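What follows is each chain in one-letter form.
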Amino acid sequence: MSRTQNSATMMLLSGLVGLLLVLTAEARVGDSSELQFCTETDECLLFDPICQINDLEVRHYSSVKWVSTNQSSVLMEFAAMSTFRRLFNYIRSSNDQGVEIDMTSPVLVSMPQKNFWEMGVFTMSFLLPDKYQQSTPNPTNDRVYIHDTPDMTVYVLSYGGWMTTSSINNAFKQLSTQLDAIGAKYRKDTRYAAGYNSPMTMGKRHNEVMFVVEGEPACPSQD
Ligand SMILES: *[C@@H]1O[C@H](CO)[C@@H](O)[C@H](O)[C@H]1NC(C)=O
């Protein structure tokens, strides 16, 4: 085969692989053994890896259901005390089915865009296990609600240590600096921080910050 025929074949093949990935993308809350950094719960949020840009990852997530609650505060740490308690009560049976629901990973925090000293609305979400993605128990506390994240492609930066307002802000700064340097387009109004460990865990901790990709992700070209 000539070189042009070869690359045309490659393009066709990668197109087909891409199509297959899209067609098989479902059941996105699954076995934690599929994710090396998800070690503390039986089920985790799964994704399709798209590409790697230096130390950043591009991932595709399907739409999934979460139980969420929000709190205005200056610091994530203060907001987290009340939001965590409300969500924990929901999974410990403060729901209309009266069921206990397993903890999953990650815990997602949607961070407000604000200056450090200002108040802002922090939203915390627990991922619903696979068996409750379809028939979801309704919260009995009216501050708690069920929320779907859309099907989305995201830029992800991972880091260790504890999830604090300042570690999250630093990670977002690094992520946006790297993305701006390559001219990647992303939504600035949605800032997700994801934590995979309980605050008690002293060992290998894994946290992530992510921005939602706008348009096509800025993956390195294949040749
Ligand atoms: C906060 O939660 C309430 C439900 O308790 C909801 O009505 C409101 O829209 C939420 N606010 C934000 C900024 O998401």
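Residues numbered from 1 in each chain as written. Predicted model: local features only at pLDDT ≥ 70, side-chain atom pairs only at ≥ 80, totals over all residues. Heavy atoms only, no water.

Q: An account of a negative patch on the surface is requested, with residue identities and associated values reported.
A: On the surface, Asp31, Glu34, Asp42 and Asp102 cluster together into a negatively charged patch. Structurally, Asp102 is set in the loop between helix H2 (76–91) and strand E6 (107–110). (Patch = residues over 30% accessible without salt bridge, like charges linked within 9 Å, V, L, I, M, F, W, Y side chains within 5 Å. Areas by Shrake-Rupley, 256 points an atom, 1.4 Å probe, with all protein chains shown as cover. Salt bridge = Lys/Arg side-chain N within 4 Å of Asp/Glu carboxyl O. Lys, Arg positive; Asp, Glu negative; His and termini not counted. Charge placed at Lys NZ, Arg CZ, Asp CG, Glu CD. Helix = DSSP H or I, 4+ residues; strand = E, 2+ residues; numbered from the N terminus.)

Q: Break down the site of the ligand for me, with residues and values.
A: With respect to spatial proximity, the complete set of residues near the ligand consists of Asn70, Val121, Asp142, Arg143 and Tyr145. Here an oxygen atom of the ligand and a side-chain polar atom of Asn70 are 2.4 Å apart. At a separation of 3.3 Å, an oxygen atom of the ligand approaches a polar backbone atom of Asp142. Protein coverage of the free-state accessible area of the ligand, which is 360 Å², stands at 43%. Residues that form the shell around the ligand fall into these classes: two nonpolar, one polar and two charged. (Near = heavy atom within 4 Å. Polar contact = N/O pair within 3.5 Å; in protein donor to acceptor, adjacent residues only side chain to side chain. Nonpolar A, V, L, I, M, F, W, Y, C, P; charged D, E, K, R; others polar.)

Q: Break down the pattern of salt bridges for me, with residues and values.
A: Taken as a whole, this structure holds six salt bridges when the rule is applied. A salt bridge links Glu100 to Arg92, with the shortest nitrogen-to-oxygen separation between them at 3.3 Å. Classification of Glu100 as exposed rests on a relative accessible area of 55%. For Arg92, a relative accessible area of 36% translates into the label partly exposed. Look at the salt bridges and you will find they share partners, linking Glu57, Arg59 and Glu208 into a network. (Buried < 20%, exposed > 50% of the residue type's maximum accessible area, 1.4 Å probe, protein only.)

Q: Give me the lowdown on the nonpolar core, citing residues and values where you can.
A: Grouped together as the largest cluster of nonpolar side chains are 36 residues, with contacts concentrated most on Met111, Tyr155, Ile168, Leu175, Leu179 and Val209. With six residues, H2 is the largest single contributor of residues to this core. Residues in contact with Leu179, not counting those within four places in the same chain, are Leu56, Tyr155, Ala184, Tyr186 and Phe211. Core analysis: the next-biggest nonpolar cluster, separate from the first, contains 21 residues, Leu45, Tyr61, Tyr192 and Met210 among them. (Core = buried A, V, L, I, M, F, W, Y, C linked by side-chain atoms within 4.5 Å. Contact = heavy atoms within 4.5 Å.)

Q: Give me the environment of Tyr90: which residues, what numbers.
A: Within the element layout of this structure, Tyr90 appears in helix H2. Exposure remark for Tyr90: the relative accessible area of 1% places this residue in the buried category. Once residues lying within four places of it in the same chain are set aside, the contact partners of Tyr90 are Val67, Asn95, Val99, Ile101, Leu128, Thr136, Pro137, Asn138, Pro139, Val144 and Ile146.

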